[in-house]
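Structure at a glance
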Amino acid sequence: MFKRASAVVASSHEQMTGDDRAYAIYTSGSTGKPKGVVLPHRGLVNLGYSIRHGYLMSVQESRMLLFASPSFDASVLEIFAPLANACAVVMLPPDPIVGDSLARAMADAKVTHAVLPPAVLAGMAEDCFPPAGLKVLMTAGEAIPSEVLARWRNKIYMLNARPNRDHRLPTICDYNA
């Protein structure tokens with residue numbers, strides 16, 4: 001499945017295609033059994049395009065928070081969607097930041113888009129969240145409790161990504177529709 005790095009590098013005479021490997025990540029997926037997943041360039045470009053339109057990203061203006069660990073598959077969206085749209089990826093210090101500190105750090109970094117687990121939202125105080133400048137919030141990783149949704153849905157444009165039955169593609173739910 002994987003080639004040596006020297007064999008993957010294209011020479012000046014070779015053309016990369018949308019089907020060439022762009023990214024590899026190890027995930028347990030729904031099986032709990034680790035496996036390598038290879039994403040082609042085409043998939044990352046399509047992800048960026050679909051997120052720009054569905055997630056209301058503005059080319060060269062939006063700033064996406066990188067909240068997930070780069071070793072976690074959720075980070076693929078947080079890294080490649082903004083980069084595919086000439087937007088910024090905002091990386092906060094590696095120390096765990098939650099609650100009011102996270103909201104302040106997001107405001108200071110002028111984050112416009114974020115993906116956060118509902119458990120993180122549950123710990124946010126209403127007087128500091130959503131931070132100034134945050135336009136779109138997607139929740140993911142777990143079911144969003146109805147009380148958390150009720151608390152935030154009228155304060156910010158909210159989406160929820162959750163796995164569908166076959167666990168391959170997430171279903172995006174627009175709570176503002």
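Parameters and conventions
Residues numbered from 1 in each chain as written. Predicted model: local features only at pLDDT ≥ 70, side-chain atom pairs only at ≥ 80, totals over all residues. Heavy atoms only, no water. Helix = DSSP H or I, 4+ residues; strand = E, 2+ residues; numbered from the N terminus. Buried < 20%, exposed > 50% of the residue type's maximum accessible area, 1.4 Å probe, protein only. Contact = heavy atoms within 4.5 Å. Areas by Shrake-Rupley, 256 points an atom, 1.4 Å probe, with all protein chains shown as cover. Salt bridge = Lys/Arg side-chain N within 4 Å of Asp/Glu carboxyl O. Phe/Tyr/Trp six-rings, centres within 6.5 Å; stacked < 30°, edge-to-face > 60°. Polar contact = N/O pair within 3.5 Å; in protein donor to acceptor, adjacent residues only side chain to side chain. Pairing = 2+ DSSP bridges. Right-handed = clockwise from strand over helix to strand, strands pointing away. Core = buried A, V, L, I, M, F, W, Y, C linked by side-chain atoms within 4.5 Å. Axes fitted to C-alpha atoms, helices over the stretch in contact; angles between N-to-C directions. Parallel < 35°, antiparallel > 145°, perpendicular 65-115°, else oblique. Nonpolar A, V, L, I, M, F, W, Y, C, P; charged D, E, K, R; others polar.

Within the protein chain, the secondary structure is distributed over six helices and eight strands. Starting at the N terminus, the α and β elements of the protein chain follow one another as α-β-β-α-β-α-β-α-β-α-β-α-β-β. Each of the 177 residues in the protein chain was classed as buried or not, and the buried ones make up 34%. Excluding contacts between residues fewer than 6 apart, the proportion of contacts in the protein chain whose partners are at least 24 apart in sequence is 47%. Surface exposure of the protein chain reaches about 10,600 Å², of which carbon and sulfur atoms provide 56%.

Moving on to the pattern of salt bridges. For the structure shown, the criterion picks out three salt bridges. Residue R42 pairs with D19 through a salt bridge whose shortest N-O separation is 3.0 Å. Within this pair, whereas R42 is found in helix α2 (residues 41–54), its partner D19 is found in the loop between α1 (5–8) and β1 (21–27), the two being separated by 23 residues in sequence. By relative accessible area, R42 is classed as partly exposed at 43%. As a salt-bridge pair, E126 and R151 come within 3.4 Å of each other at their nearest N and O atoms. In this pair, E126 sits in the loop between α5 (118–122) and β6 (136–140) while R151 sits in helix α6 (residues 146–152), placing the two residues 25 residues apart along the sequence. The class of E126 is partly exposed, set by a relative accessible area of 45%.

Before going further, it helps to spend a moment on the side chain of N85. Its place among the elements puts N85 in the loop between α3 (75–84) and β4 (88–91). The buried category is assigned to N85, whose relative accessible area is 2%. Look past the residues within four positions of N85 in its chain and what remains in contact with it is G48, Y49, R52, M57, V59 and Q60.

On to the packing of aromatic side chains, then. For the coordinates displayed, the defined rule picks out two aromatic pairs. The interplanar angle of 75 degrees and the centroid separation of 5.1 Å between the aromatic rings of Y23 and F80 together place this pair among those described as edge-to-face. Linking Y23 in strand β1 with F80 in helix α3, this pair joins segments that are 57 residues apart in sequence. The interplanar angle of 80 degrees and the centroid separation of 5.1 Å between the aromatic rings of F129 and W152 together place this pair among those described as edge-to-face. Taken together, the residues span a long stretch of sequence, with F129 in the loop between α5 and β6 and W152 in helix α6 at a distance of 23 residues.

Time to look at the side chain of H113. Checked against the element boundaries, H113 lands in strand β5 (residues 113–116). Residue classification places H113 among the buried residues on the basis of a relative accessible area of 0%. In terms of polar contacts, H113 uses its side chain to reach the side chain of T112, at 2.7 Å. Excluding residues that lie within four positions of it along the chain, H113 makes contacts with Y55, L56, M57, S62, R63, M64, L65, L134 and V136.

Let us now look at the pairing of β4. Pairing geometry for strand β3 (residues 63–66) and β4, over four bridges, is parallel. Along β4, the bridge assignment pairs R63 with A88. Crossover connection from β3 via α3 to parallel β4: handedness right-handed.

Counting 23 residues, the largest nonpolar core has L116 and F129 as its most contacted members. Only α4 (99–108), β5, α5 and α6 provide two or more residues apiece to this core.

This part is about the packing of α2 against α3. Where α2 contacts α3, the axes come no closer than 8 Å and their chain directions differ by 80 degrees. Put simply, α2 runs roughly perpendicular to α3. Here α2 contributes L44, L47, G48 and I51 to the contact with α3, which in turn contributes V76, L77, F80, A81 and A84. Residue classes in the contact of α2 with α3 are distributed as eight nonpolar, one polar and no charged.

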